[in-house]
Amino acid sequence: GRSRAVIVDAHVHIGKTVHHFERLEVTADDLLREMDTHGVDMAVLCPAGADLAVNNRQGNNLVAAAVRAHPDRFLGLGTANPWYGEEALAELDYAIHTLGLSGFKFHSLVQGFHLNDPLLVYSLVEKAIDLDVPVYFHCGTPIMAMPYKIQDLVQLYPQAKLIMGHRGWDYHFDVIYVEQNCPGLWIETSKCEYVNLEHSYGQGNVDRLLYGSDYPISSMASELSKVRLLAGLTSENESAILGRNCLRLFGLEKHAG
């Protein structure tokens, strides 16, 4: 067995994107270097930029190639822009059945929809339920990705495995109510403020918190520190947030060490 708990980063990007008027490109090797520097064992990859917005097949193939090359280090999330309709649903099947990816990521700002849009989003969630895979929703951007919109999805589809990205980011007070109302909702930690994460931890949500870095937008160093600084953090709870919860969500408990 391992001498320490497994660390899994629940949210990193691979490929090319633009952020704050800067071009960023992340390769599998870049990710592995960053992970090795910070003792991260596994990471959940998703497409970025144009691959996320419109070139979904290209993005899904890129993620899958990284997972195939490093199956012990990477899990992959596929995507499809819901505006593609039936074609999007077919792409989601392809991502799971053909590429062997582990779930989906949708970004309502980049892909251009409201997170709770009945005509665009319900079919995506239903597809994920049919395939029995988790879904990561970017959360915390006004108007498209407000926390109460993911609450709508959780309450309509309690059987879905939904992840609130960035713990709703800046919408701390909204998130407090969403957490209370949605006990089955998973919460990824990247980019939310420390004090907001501390509130989630203090409210006893430890079993659904998923450490994520949002690399390269944020850094693994800072996001890991944010978790490790939590007041009253036990080693058991630290290993849950930093990896064990994510392994459980993706059905990989055997990797827990």
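Fair warning: this is a prediction, and the values are worked out from it, not measured in the lab.

A. Highlighting the nonpolar core. Ranked by size, the top nonpolar core spans 65 residues in total, and within it Phe-74, Phe-104 and Phe-137 carry the most contacts. Considering each element in turn, this core owes the most residues, 5 residues, to helix 4 (residues 86-98). Not counting residues up to four positions away in its chain, the partners in contact with Phe-104 are Leu-77, Gly-78, Leu-92, Ala-95, Ile-96, Lys-127, Ala-128, Leu-131, Val-133, Pro-134, Val-135 and Tyr-136. Counting 17 residues, the second largest nonpolar core, distinct from the first, contains Ala-10, Tyr-136, Trp-186 and Cys-246.

B. Fine view of the layout of surface pockets. Here the largest pocket is characterised by a volume of approximately 410 Å³. Listed by contribution, the elements that provide at least two residues to the lining of the largest pocket are strand 1 (8-19), helix 2 (49-53) and helix 5 (108-111). Ranked by the residues each element gives to the lining of the largest pocket, the list is headed by strand 1, at 5 residues. For the lining of the largest pocket, the residue count by class is 9 nonpolar, 11 polar and 4 charged.

C. Spotlight on the pattern of salt bridges. All told, the structure shown has 11 salt bridges when counted by the stated rule. For Asp-132, the salt bridge goes to Lys-161, with nearest N and O atoms at 3.0 Å. Here Lys-161 lies in the loop between helix 7 (147-156) and strand 7 (162-164) and Asp-132 lies in the loop between helix 6 (122-131) and strand 6 (135-137), a separation of 29 residues in the sequence. Residue Lys-161 is classed as partly exposed on the basis of its relative accessible area, which comes to 26%. Of the charged contacts, one joins Arg-167 and Glu-179 as a salt bridge, the two residues approaching to 3.5 Å between their closest N and O atoms. You can see Arg-167 sitting in the loop between strand 7 and helix 8 (172-181) and its partner Glu-179 sitting in helix 8, a full 12 residues away along the chain.

D. Representation of the environment of Ala-231 within the structure. Turning to its location among the elements, Ala-231 is positioned in the loop between helix 10 (220-228) and helix 11 (235-249). With relative accessibility at 48%, the residue Ala-231 sits in the partly exposed group. Along the backbone, Ala-231 and His-166 are 65 residues apart, and their C-alpha atoms lie at a distance of 20 Å.

E. Quick peek at the environment of Met-42. When you line up the elements, Met-42 lands in strand 3 (residues 42-47). A C-alpha to C-alpha distance of 4.3 Å links Met-42 and Arg-73, two positions 31 residues apart in sequence.

F. Structural context of the pairing of strand 1. Within strand 1, 9 of the 12 residues are buried, which leaves it mostly tucked inside the rest of the structure. Pairing geometry for strand 1 and strand 3, over 5 bridges, is parallel. Residue pairing for strand 3: Ile-14 is matched across the bridge by Pro-47. As paired strands, strand 1 and strand 2 (residues 22-26) are joined by 5 bridges and run antiparallel to one another.

G. Focus on the packing of helix 4 against helix 6. Axis separation between helix 4 and helix 6 bottoms out at 10 Å; the angle between their running directions is 25°. The angle between helix 4 and helix 6 places the two elements in the roughly parallel class. The two elements helix 4 and helix 6 cross, and the hand of that crossing is right-handed. Residue-level inspection shows Leu-89, Leu-92, Asp-93, Ile-96 and His-97 of helix 4 in contact with helix 6, the latter providing Ser-123, Leu-124, Lys-127 and Leu-131.

What counts and what doesn't
- Residues numbered from 1 in each chain as written.
- Predicted model: local features only at pLDDT ≥ 70, side-chain atom pairs only at ≥ 80, totals over all residues.
- Heavy atoms only, no water.
- Core = buried A, V, L, I, M, F, W, Y, C linked by side-chain atoms within 4.5 Å.
- Buried < 20%, exposed > 50% of the residue type's maximum accessible area, 1.4 Å probe, protein only.
- Helix = DSSP H or I, 4+ residues; strand = E, 2+ residues; numbered from the N terminus.
- Contact = heavy atoms within 4.5 Å.
- 1 Å grid on protein atoms, 1.4 Å probe; cavity = no way out; pocket = protein on both sides within 12 Å on 5 of 7 lines; lining within 4 Å.
- Points joined across faces, edges and corners; volume = space filled by probe spheres on them.
- Nonpolar A, V, L, I, M, F, W, Y, C, P; charged D, E, K, R; others polar.
- Salt bridge = Lys/Arg side-chain N within 4 Å of Asp/Glu carboxyl O.
- Pairing = 2+ DSSP bridges.
- Axes fitted to C-alpha atoms, helices over the stretch in contact; angles between N-to-C directions.
- Parallel < 35°, antiparallel > 145°, perpendicular 65-115°, else oblique.
- Left-handed = near helix turned anticlockwise from the far one by under 90°.

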